[in-house]
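Examination of the molecular architecture
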Amino acid sequence: MTIRFDGKVAIVTGAGNGLGKCHAIALAARGAKVVVNDLGGARDGVGASSEAARAVVAEIEAAGGEAIANGADVTNYEQVEAMVNEAREKWGRVDILVNNAGVLRDKSFSNVELDDFGFVLDVHLMGAVNCTKAVWPLMREQNYGRVVMTTSSSGLYGNFGQTNYGAAKMGVIGLMNTLVLEGGKYGIRVNALSPCAATRMTEDLMPENLLGLLKPESVTPALLYLVSEDGPNRTIITAGAGTFARSIVYETGGMWLPEEDQTPEKIAEHWDAISDPSTQKEYTSGNDQTQNMLTKAAEGLGIKLQ
Ligand code: NAI
């Protein structure tokens, strides 16, 4: 079955370059009407120009697709709201939001300026918050929405010199987890993409002989799957060089300790059992974790949970 987006309206932020550009072109090629958003600044977020977004729109139109360029800065809620209103006025709805805009200001934690830390959080985390907040009422009204957060291996696992970026990229996973719970009954699904591609953001960080493998075009199919009608929910896909995987947070089942043993020494003594990966489970809400704690305690104490 071919995945198509006919009749769907998509907003892709940071779509003037790199991955966002590739996502926007692919969505339009499969029938979506696309808002190509880009502030048009440099890699570190300095400056602005509408040229990149307009060039992507021209490319989409030349291929017979429909798109509009938008220069909203995702850190500015008023501009983001105006972008969503423009899409709504032109096409009547917004079905898909791809939170992709991003910047880098790498420095080791001992050297990073707090302003640079805050700026990176603002673009990645608050940018995703602003855009999602602006489309959320509309998606609820439509009873349909697909939202994607762009995370990173830096957030999921860490990367030297990227405390600011990693914190922001894990932040969007926290945002996703609760949005899934709040959006489910309105037909809204929220997922995350952890890409790896040679773009202006990363080309000097990647081994030169592998740049040819790390094409944005090898990542975009994962994005298309995530925003498709029958796509998943609460799923993090990692994609790069044609390899697709799922990243999942697991928690070990753990071990209940009676009150007299609730000491750091007993935790150390039982560490192997507490951290035994063969007992791990995937939780889909914070409540699942509480439930596990109470179930274990009730078992240990020999009482029945109501
Ligand atoms: P890129 O630098 O080519 O594209 C990012 C785009 O976002 C630029 O066109 C930029 O103008 C735009 N942008 C920046 N600040 C903005 C703002 N305030 N408002 C609107 N647009 C803004 O970078 P790339 O590699 O395509 O990155 C896309 C996303 O993927 C980013 O979120 C990045 O953090 C993420 N990512 C990329 C990886 C890679 O290997 N390229 C790895 C992991 C994550």
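As named in an unreviewed UniProt entry, the chain is 3-oxoacyl-ACP reductase, taken from Sneathiella chinensis. Its UniProt record gives the chain a comment under Sequence similarities (unreviewed entry), which states: "Belongs to the short-chain dehydrogenases/reductases (SDR) family."

Now for the UniProt feature "domain: Ketoreductase" (unreviewed entry) in the chain. Per the UniProt annotation, the sites labelled "domain: Ketoreductase" (unreviewed entry) are residues 8-204. A helix fraction of 48% and a strand fraction of 17% characterise residues 8-204, whose end C-alpha atoms lie 36 Å from each other.

Lining the immediate environment of the ligand, one finds 31 residues, of which N17, D38, N100, Y165 and T199 sit closest. The contact in question runs from an oxygen atom of the ligand to an N or O atom on the backbone of G102, over 3.4 Å. In the model, an oxygen atom of the ligand is placed 2.5 Å from a nitrogen or oxygen of the Y165 side chain. Contact with the protein chains removes 97% of the 820 Å² of surface that the ligand exposes when unbound. Of the residues in the shell around the ligand, the class split is 13 nonpolar, 14 polar and 4 charged.

What follows covers the pattern of salt bridges. Oppositely charged side chains are able to pair whenever their charged atoms sit close together. In the structure shown here, the tally under the stated rule is 8 salt bridges. A salt bridge links R93 to D95, with the shortest nitrogen-to-oxygen separation between them at 2.7 Å. Here D95 falls in the buried class, since its relative accessible area comes to 0%. We note a salt bridge from K266 to E269, for which the minimum N-O separation is 3.2 Å. Of this pair, K266 and E269 both sit in helix α8 (residues 264-269), 3 residues apart, which is roughly one turn of the helix.

The next thing to look at is the domain arrangement of the chain. Interface size is commonly expressed as the accessible area that is lost once the parts come together. Splitting the chain by domain gives domain 1 (9-247) and domain 2 (259-301). Here the C-alpha centre of domain 2 lies 37 Å away from the C-alpha centre of domain 1.

What follows concerns the environment of S194. Note on placement: S194 falls in strand β6 (residues 188-196). Since its relative accessible area comes to 6%, S194 is described here as buried. On a C-alpha basis, the gap between S194 and N100 in space is 11 Å, while along the polypeptide they are 94 residues apart. Ignoring sequence-local partners within four residues, the contact set of S194 consists of T151, S152, S153, L156, I237, T238 and A239. Of note is the side chain of S194, whose polar atom sits 3.4 Å from the backbone nitrogen of S153.

About the criteria used
Residues numbered from 1 in each chain as written. Predicted model: local features only at pLDDT ≥ 70, side-chain atom pairs only at ≥ 80, totals over all residues. Heavy atoms only, no water. UniProt positions renumbered as here; feature names shortened; annotations may be inferred. Helix = DSSP H or I, 4+ residues; strand = E, 2+ residues; numbered from the N terminus. Near = heavy atom within 4 Å. Polar contact = N/O pair within 3.5 Å; in protein donor to acceptor, adjacent residues only side chain to side chain. Areas by Shrake-Rupley, 256 points an atom, 1.4 Å probe, with all protein chains shown as cover. Nonpolar A, V, L, I, M, F, W, Y, C, P; charged D, E, K, R; others polar. Salt bridge = Lys/Arg side-chain N within 4 Å of Asp/Glu carboxyl O. Buried < 20%, exposed > 50% of the residue type's maximum accessible area, 1.4 Å probe, protein only. Domains from an automatic or database assignment. Contact = heavy atoms within 4.5 Å.

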